[in-house]
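Working through the structure, step by step
If you want the building blocks of each chain, they are given just below.
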Amino acid sequence: MSVRDILKEKQTSLLTIEEDHSVLEATKLMVSSKVGSIMVTFQGKLAGIFTERDLMRIVAEKHESLHKIKLKDVMTTQLTVANPNDEVDDVLNTMLSKRFRHMPVMEDDLIIGLISIGDAVKVKLSKTEKEMHILREYMYGSH
């Protein structure tokens, strides 16, 4: 299964915020949208990602000034991105080896989605369950 297939199934809108907004604004938007990350843009182009992990690091260091801290100063900018034609297994392996949970999906220079480790694991489990079912039918016949 490809990343494009996951994005079709998710049918959720992509959450973005411009980099000059505050950490507090981004956090409120993430909470109201019930997501763990938000894509950060500069003039509509992908500039970084802000995640729950980034927020925890900031709260531990500078909790009294969340409304003053700009996303551009604290977001993750060293991004690994997926292509819509990438295989989910490859994306999952990358996330696990690099220890992150959210990967932007880019087509040319456009952000077309975001895939989470949960999305990838869900696909992997579904695929494994189907394979197990086929093997059981092969070994024991259909009942």
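Residues numbered from 1 in each chain as written. Predicted model: local features only at pLDDT ≥ 70, side-chain atom pairs only at ≥ 80, totals over all residues. Heavy atoms only, no water.

**Notes on the UniProt feature "domain: CBS" (unreviewed entry) in the chain**
Threshold: UniProt positions are given in the numbering used here, feature names are shortened, and annotations may be inferred rather than shown by experiment. For helices the rule is a DSSP run of H or I covering at least 4 residues; for strands it is a run of E covering at least 2, with both sets numbered from the N terminus onward.
Per the UniProt entry, the sites bearing "domain: CBS" (unreviewed entry) are residues 10–65 and 75–131 in this numbering. Across residues 75–131, helical content stands at 46% and strand content at 23%; the span's end C-alpha atoms are separated by 40 Å.

**A short note on helix 3 (residues 52–62)**
Basically, it comes down to this: With a 1.4 Å probe rolled over the protein chains alone, any residue whose accessible area is under 20% of its type maximum counts as buried; one over 50% counts as exposed, and the rest are partly exposed. When we speak of the arc, we mean the arc of directions from the helix axis to the C-beta atoms. When checking whether two residues touch, look at their non-hydrogen atoms; a contact exists if any pair is within 4.5 Å.
For helix 3, the full list of buried residues reads Asp54, Leu55 and Ile58. Around the axis of helix 3, the buried residues are gathered within 95° of arc, so they sit on the same side. Counted as exposed and oriented over 90 degrees from the buried face of helix 3: Met56 and Ala60. Buried residues along helix 3 sit against helix 2 (23–33) and strand 3 (45–51).

**Thoughts on the side chain of aspartate 119**
Summarising the element assignment, aspartate 119 is placed in helix 5 (residues 117–140). In contact with aspartate 119, not counting residues within four places along its chain, are Ile6, Lys10 and Leu114.

**Some points on the sheet that holds strand 2 (residues 37–42)**
For clarity, the cut-off: Pairs of strands are assigned from DSSP output, requiring at least two bridges between the strands. Throughout, an axis means a line fitted to C-alpha atoms (over the contacting stretch in the case of helices), and angles, computed between N-to-C directions, take values from 0 to 180 degrees.
The mixed open sheet is built from 3 strands, whose spatial order is 1-2-3. The two strands at the open ends of the sheet, each matched to only one other strand, are strand 1 (16–18) and strand 3. Adjacent strand axes in the sheet meet at a mean angle of 35° when their direction is disregarded. The pairing of strand 2 with strand 3 spans 6 bridges and is antiparallel. Of the residues in strand 3, the one forming a bridge with methionine 39 is isoleucine 49.

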